[in-house]
Amino acid sequence: MNKLAKLVAQRLALGLLTLWIVSLIIFLGVELLPGDIATEILGQTATPETVAAFRRSLGLDLPMHIRYLDWLWGVVHGDFGRSLANGRDIAELIGGRLLNTLFLATVTALIAVPLALALGLLAALYRNSLFDRTINIVTLSSISFPEFFIAYILILFLSVQAGWFPSLSNVDPGEPLWERVYRVALPAFTLTLVVVAHMMRMTRAAIINLLASPYIEMATLKGISRSRIIVHHALPNALAPIINVVVLSLAYLVVGVVVVEVVFVYPGLGQLMVDSVQKRDIPVVQACSLIFAATYILLNLTADILSIVTNPRLLHPR
Amino acid sequence: MSDDATGPVPHAPERGIPEDEELIIEQAPPERRSRWAVMGREFLRAPWTAKIGLAVILVYVFVALFAPLLTPYGESEIVGMEFEPWGGAFMLGTDNLGRDMFTRLIYGARNTIGIAFMTTCLAFLIGGAAGLMAAAVAGWVDQALARIVDVLMAIPQLIFALLLLTIFGTSIPVLIIVIAVLDSTRVFRLARAVGMNVAVMDFVEAARLRGEGLGWIMGREILPNILPPLVAEFGLRFCFVFLLISALSFLGLGIQPPTADWGSMVRDNATLITYGDITPLLPAGAIALLTVAVNFVVDWFLHKTSGLRDEH
């Protein structure tokens, strides 16, 4: 048990270190900006006095390490500074959108995870059958499709031709829950199609890998039915890799969400980030990248720790 | 009695054995014909998915190379009204500015594939060289490179690309360099991992004792032995880079107008989809078809060269 705690603590420390270095990269990246940020925003015609005043208001006259510590202190306390484009408080700008993005990701996960596990199990169970090969080709294709292609196909068929779902998902926090779920249906389906392919293929691989081990052969020789072997014997041991895959796919979702939000004009964090990149609104881009990167790192860390914790060999040290 | 033990080593027609193919290629360099014959035979035995994939790739390359000869109009020439329907003078109608859709699709092949290909090559140059160096030198160089790559990989690629494009602006050279650097991390991981296995072998040791330089050991001793996984990885990385650049262009942050490019073509004409017009799906479908084709070929290639990695 001691060894386990030590391993987990090690991973946690490593994760926090990575997070800190990433914050450093995101901050220093902006320092590399060719030219001066103040002249960049005010334009070439600004007088030196205005530029100097603007620099002071941004705190650019302070040395770099002080500004970094200031920024980091603010971020840790939920203060990301102000947007350059409209002067609004970034934390306020991000708050609702982050919730929207998390809502979309949760709905997607609730559809995708059970679906992927079921499909993966079935594909492993009926390996090399027509079903397995069809699924293989379908998933290989859907991995290769750009997200916006899937999104527009769904819009064309389910929204324009069938008229079942709205093609724009502009949600309001005031709406009742099921109304919001209905509105995010299409973006959630799109993301599901993208994520299920990865999860399903890895689930299948993990189960097939296990089915080759001797204790499964033993169970087969005892005459237990194939479905019972998979559910009772193989699945518990396949849990660790599968949990890993699920969490990593959720991490993948964090990135996939950006494009899908833009297609469906969904008021989420990805949309905000893309808009800000176009306007070169650097503080907002910094804040968004930091949130995305932190989520990604934390999910990876979770996958790492879960795979340690669910490993029976580490749980019962000799 | 007379016809044995002459000529090159006979090729035992066994499928799925990785060393087999490699052996033939390595042992019979003077007879190029036999090498091509082996490849031809392998190809005939390939599954239908790989054949279709290869055919599609060849068509794309042909279209990209001969774009000016195949198109009726200029790349960004405004030739009609906005959003004209299919048929008549414009086979696939016109886009949001009245440019011929068919012409732009063809030129898009040239631009999008060309830029993605250059980016992948650059990524392999950087990542491959760094990975081979880490494998050949080991020690602190290896450790330092691996740690840097770990940190770079901790940030999702699309997000990192967006951040860097904000900082450096969006132009094609910047785009190529930024994505190549970000993607070289994956190449580095693979090149280092497979290079490590070769770097500890006796013939590398022999080359070291012989006094060969680092460049020779990297290029002539290790590289030829790790080529098959790297070639397969090239296909996969190309797909990934291609999709990433398309996504960025779709977001309006990649290849900038008036250059014809599939990602931005989808974005520009997306409004048509709400009228049930499938025109915006054509460039998106073109992207999807190429990535599927490359994936099918890579899948087959991986299967041939021992299925080093089944998953990606």
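Analysis parameters
Residues numbered from 1 in each chain as written. Chains lettered and ligands numbered in written order. Predicted model: local features only at pLDDT ≥ 70, side-chain atom pairs only at ≥ 80, totals over all residues. Core = buried A, V, L, I, M, F, W, Y, C linked by C-beta atoms within 7 Å. Buried ≥ 20, exposed ≤ 12 C-beta atoms within 10 Å, placed from the backbone. Helix = DSSP H or I, 4+ residues; strand = E, 2+ residues; numbered from the N terminus. Domains from an automatic or database assignment. Contact = placed C-beta atoms within 7 Å. Axes fitted to C-alpha atoms, helices over the stretch in contact; angles between N-to-C directions. Parallel < 35°, antiparallel > 145°, perpendicular 65-115°, else oblique. Left-handed = near helix turned anticlockwise from the far one by under 90°. Nonpolar A, V, L, I, M, F, W, Y, C, P; charged D, E, K, R; others polar. UniProt positions renumbered as here; feature names shortened; annotations may be inferred.

Enquirer: Looking at this model, I keep getting lost on the nonpolar core. Mind explaining?
Expert: Side chains that are nonpolar tend, in soluble globular proteins, to be buried together. Counting residues in hydrophobic clusters, the biggest one holds 160 residues, and the most contacted among them are Ala161, Ile179 and Leu244 of chain B. Among the elements that make up this core, the one with the highest residue count is helix α11 (residues 226-263) of chain A (18 residues). Inspection of this core shows a minimum of three residues originating in each of domain 1 (3-76) and domain 2 (99-315) of chain A. Not counting the four nearest positions on each side in its chain, Ala161 of chain B is found in contact with Val178, Ile179, Leu182, Leu244 and Leu248 of chain B.

Enquirer: Please explain the packing of helix α1 (residues 2-31) of chain A against helix α13 (residues 282-309) of chain A as it appears in this structure.
Expert: Two measures define how a pair of helices packs: the angle their axes make with one another and the distance between the axes. Residue and element names in this part refer to chain A. In the contact formed by α1 and α13, the axes pass within 10 Å of each other and the chain directions differ by 165°. Classed by the angle they form, the pair α1 and α13 counts as roughly antiparallel. For α1 against α13, the interelement crossing comes out right-handed. Residue-level contacts link Leu4, Leu7, Val8, Arg11, Gly15, Thr18, Leu19, Val22, Ser23, Ile26 and Val30 of α1 to Ile282, Gln286, Ser289, Leu290, Ala293, Ala294, Ile297, Leu301, Asp304, Ile305 and Ile308 of α13. Looking at the contact of α1 with α13 residue by residue, the class counts come to 15 nonpolar, five polar and two charged.

Enquirer: How should I be thinking about the domain arrangement of chain A in this particular structure?
Expert: Interfaces are often sized by the accessible area lost when the parts come together. Residue and element names in this part refer to chain A. Its domain assignment divides chain A into domain 1 (3-76) and domain 2 (99-315). Using C-alpha coordinates to define each centre, domain 1 is positioned 33 Å away from domain 2. If you look at the interface, domain 1 gives 14 residues, while domain 2 gives 13 residues. Here the side of domain 1 that touches domain 2 is built from residues that sort into nine nonpolar, three polar and two charged.

Enquirer: I'm lost on the UniProt feature "transmembrane region" (unreviewed entry) in chain A in this one. Help?
Expert: Residue and element names in this part refer to chain A. If you check UniProt for "transmembrane region" (unreviewed entry), the listed places come out as residues 12-30, 102-125, 137-160, 180-200, 238-264 and 284-309 in our numbering. End C-alpha to end C-alpha, residues 12-30 measures 28 Å, and it is 100% helix and 0% strand. End C-alpha to end C-alpha, residues 238-264 measures 37 Å, and it is 96% helix and 0% strand.

Enquirer: I keep staring at the packing of α11 of chain A against α13 of chain A and nothing clicks. Help me out?
Expert: All names here are of chain A. The interhelical angle for the contact between α11 and α13, taken along N-to-C directions, is 180°, at an axis separation of 9 Å. Relative to α13, α11 is oriented roughly antiparallel. Note on element contacts: α13 touches α11 through Phe292, Thr295, Tyr296, Leu299, Asn300, Thr302, Ala303, Leu306 and Ser307, opposite Ala240, Ile243, Asn244, Val247, Leu248, Leu250, Ala251 and Val254. Tallied by class, the residues present in the contact of α11 with α13 amount to 12 nonpolar, five polar and no charged.

Enquirer: In this structure, what is going on with the interface of chain A and chain B? I would like to understand it.
Expert: Listed by partner, the interface residues are 43 residues for chain A and 37 residues for chain B. Looking at the side of chain A that touches chain B, the elements with two or more residues in it are α1, α6 (130-144), α7 (147-161), α9 (185-211), α11, α12 (269-279) and α13 of chain A. For the side of chain A that touches chain B, the leading source of residues is α7 of chain A, giving nine residues. Taken together, the residues of the side of chain A that touches chain B sort by class into 32 nonpolar, eight polar and three charged.

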